[in-house]
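# Structural characterization, general
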Amino acid sequence: MSITTVANRYARALVDVATERGQVETVLADLTKFADLLSGHEELRLVFPNPTIPLERKRAVLHSLLERLSFQPTTANFLQLLLTNGRLHQLDPMLQAMRRELDARAGVVAAEIVTARALAAEQREALERQLAAATGRQVRLHFRIDPSILGGLVARIGSTVYDGSIRNQLTQLRQQMLEARS
């Protein structure tokens, strides 16, 4: 079973429980804080997936961390479940899956926007309105700058890519010219 499939299953179950308890935002914040802690400490990141470290020792480390962090019981139980099932080192994909699940339930679609340079606030707002109209859903934009596209933008919503970059237009023009020669 792929890590994405596993992450989606855990995320759906956690979102169900957190929603039922009215703790979605708190649990999401707790998990983000824990993931940041792991990514910032190499020793911790290496402890949990290490098969040579006994499970009881890993539990003690996790318990110590949970005491210091004062997480919601829902979050603490979820992290302990991941540890028991040998999946704590896969927290990042589960956190991403949880965000996707929450967005899906809220009718929000995420879009990655790549531009050659930063857009002005009014350009961002206009783009958000256009993509919302095109998808029929609320859109959450994530911007990334990549000077190699030269200009224009590339928008990725799920598996759909709208490539209006100058680099893409030049590539298409080059292809047309090569085909015309043939």
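Residues numbered from 1 in each chain as written. Predicted model: local features only at pLDDT ≥ 70, side-chain atom pairs only at ≥ 80, totals over all residues. Heavy atoms only, no water.

Right, let's get into the confidence of the model for the protein. Residues with a pLDDT of 70 or more make up 100% of the protein, whose mean pLDDT is 93. Mean pLDDT across the elements of the protein ranges from a minimum in helix α3 (residues 42–47), with 89, to a maximum in helix α5 (residues 73–84), with 96. (pLDDT = per-residue confidence, 0-100. Helix = DSSP H or I, 4+ residues; strand = E, 2+ residues; numbered from the N terminus.)

For the rest of this paragraph, the subject is the nonpolar core. In this structure, Leu 31, Phe 34, Leu 79 and Met 98 are the most contacted members of the largest nonpolar core, which totals 34 residues. Beyond its immediate stretch of four places on either side in the chain, Phe 34 contacts Leu 62, Leu 65, Leu 69, Phe 71, Leu 79, Leu 88 and Leu 91. Membership of the second largest hydrophobic core comes to nine residues, among which are Ala 111, Ile 113, Leu 127 and Ile 157. (Core = buried A, V, L, I, M, F, W, Y, C linked by side-chain atoms within 4.5 Å. Buried < 20%, exposed > 50% of the residue type's maximum accessible area, 1.4 Å probe, protein only. Contact = heavy atoms within 4.5 Å.)

Relative to the assigned elements, Pro 51 resides in the loop between α3 and α4 (55–69). Measuring from C-alpha to C-alpha, the distance between Pro 51 and Val 27 comes to 28 Å, with 24 residues separating the pair along the chain.

Right, let's talk about the side chain of Asp 30 for a bit. Mapped onto the elements, Asp 30 comes out in helix α2 (residues 24–40). The side chain of Asp 30 is buried and forms no salt bridge, while Lys 33, the nearest opposite charge, is found at 6.4 Å. (Lys, Arg positive; Asp, Glu negative; His and termini not counted. Salt bridge = Lys/Arg side-chain N within 4 Å of Asp/Glu carboxyl O.)

Counting across every chain of the model gives six salt bridges. The closest approach of N and O atoms between Arg 105 and Glu 101, which form a salt bridge, is 2.7 Å. With Arg 105 and Glu 101 both in helix α6 (residues 91–106) and four residues apart, this pair spans about one turn of that helix. Glu 101 gets classed as buried once you look at its relative accessible area, which sits at 18%. A salt bridge links Arg 140 to Asp 103, with the nearest nitrogen and oxygen atoms 2.2 Å apart. Here Asp 103 lies in helix α6 and Arg 140 lies in strand β2 (residues 138–145), a separation of 37 residues in the sequence. Judged by relative accessible area, Asp 103 falls into the buried class, the value being 13%. Through salt bridges with shared partners, one network takes in Asp 16, Glu 101 and Arg 105.

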